[in-house]
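# Fold and geometry: a report
Residue strings, one per chain:
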Amino acid sequence: MNEHDERGDTMTGVDPDRLDDQQLMKELETIHRTRHDTLLYGSNDALRAHNERMAQLEGEYLRRNPSRPVAAGRTREGARERGSGESATPTTPGT
């Protein structure tokens, strides 16, 4: 088996479970960086392939990191507090 899955002419990349942690993070950074352009300017096929690959990579990250730290501001309760005037990110006094 080669390192790329082939579905028709679509190459989906290396299976995420075969990537080491550093490679997985690099792939995630790349796909998130290209997301906006793919959404705005990619064909429907390109967007579909991007969605599938992003789901594969993010799913693998979550599988490997089930206890990842979660910022309080990124929860429903934290979002409600932001709606009350609190910031989602810490601020430095005087800025």
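Described below are features of the structure shown in this document. In this text, all values refer to a predicted model and were calculated from it rather than measured experimentally.

Along its length, the chain carries three helices and two strands. Each helix and strand of the chain, placed in order from N terminus to C terminus, yields the pattern β-β-α-α-α. Burial analysis of the chain (95 residues in total) assigns 18% to the buried set. Here the analysis covers contacts within the chain between residues at least 6 apart in sequence; of these, 48% occur between residues at least 24 apart. Split by element, the accessible area of the chain, about 7600 Å² in all, is 49% carbon and sulfur.

Moving on, we come to the nonpolar core. If you look at the biggest cluster of nonpolar residues, it comprises seven residues: Val14, Leu19, Leu24, Leu28, Ile31, Met54 and Leu57. Of all elements in the fold, only helix H1 (21–41) and helix H2 (44–64) reach the threshold of two or more residues within this core. The dominant element in this core, judged by the number of residues it contributes, is H1, at three residues. Beyond its immediate stretch of four places on either side in the chain, Leu28 contacts Leu57, Glu58 and Tyr61.

Judged by side-chain polarity, Leu39, Leu40 and Tyr41 come together as a nonpolar surface patch covering roughly 360 Å² of accessible area. Secondary-structure assignment places Leu39 in helix H1.

What follows deals with the packing of H1 against H2. It is at 10 Å that the axes of H1 and H2 come closest, and there the two elements cross at 145°. Note on packing geometry: the crossing formed by H1 with H2 is left-handed. Taking contact as the criterion, the partners of Asp21, Leu24, Met25, Glu27, Leu28, Ile31, His32, Thr34, Arg35, Thr38 and Leu39 in H1 are, on H2, Ala46, Leu47, His50, Asn51, Arg53, Met54, Leu57, Glu58, Glu60, Tyr61 and Arg64. Tallied by class, residues from the contact of H1 with H2 come to ten nonpolar, five polar and seven charged.

How each quantity is defined
- Residues numbered from 1 in each chain as written.
- Predicted model: local features only at pLDDT ≥ 70, side-chain atom pairs only at ≥ 80, totals over all residues.
- Heavy atoms only, no water.
- Helix = DSSP H or I, 4+ residues; strand = E, 2+ residues; numbered from the N terminus.
- Buried < 20%, exposed > 50% of the residue type's maximum accessible area, 1.4 Å probe, protein only.
- Contact = heavy atoms within 4.5 Å.
- Areas by Shrake-Rupley, 256 points an atom, 1.4 Å probe, with all protein chains shown as cover.
- Core = buried A, V, L, I, M, F, W, Y, C linked by side-chain atoms within 4.5 Å.
- Patch = residues over 30% accessible without salt bridge, like charges linked within 9 Å, V, L, I, M, F, W, Y side chains within 5 Å.
- Salt bridge = Lys/Arg side-chain N within 4 Å of Asp/Glu carboxyl O.
- Axes fitted to C-alpha atoms, helices over the stretch in contact; angles between N-to-C directions.
- Left-handed = near helix turned anticlockwise from the far one by under 90°.
- Nonpolar A, V, L, I, M, F, W, Y, C, P; charged D, E, K, R; others polar.

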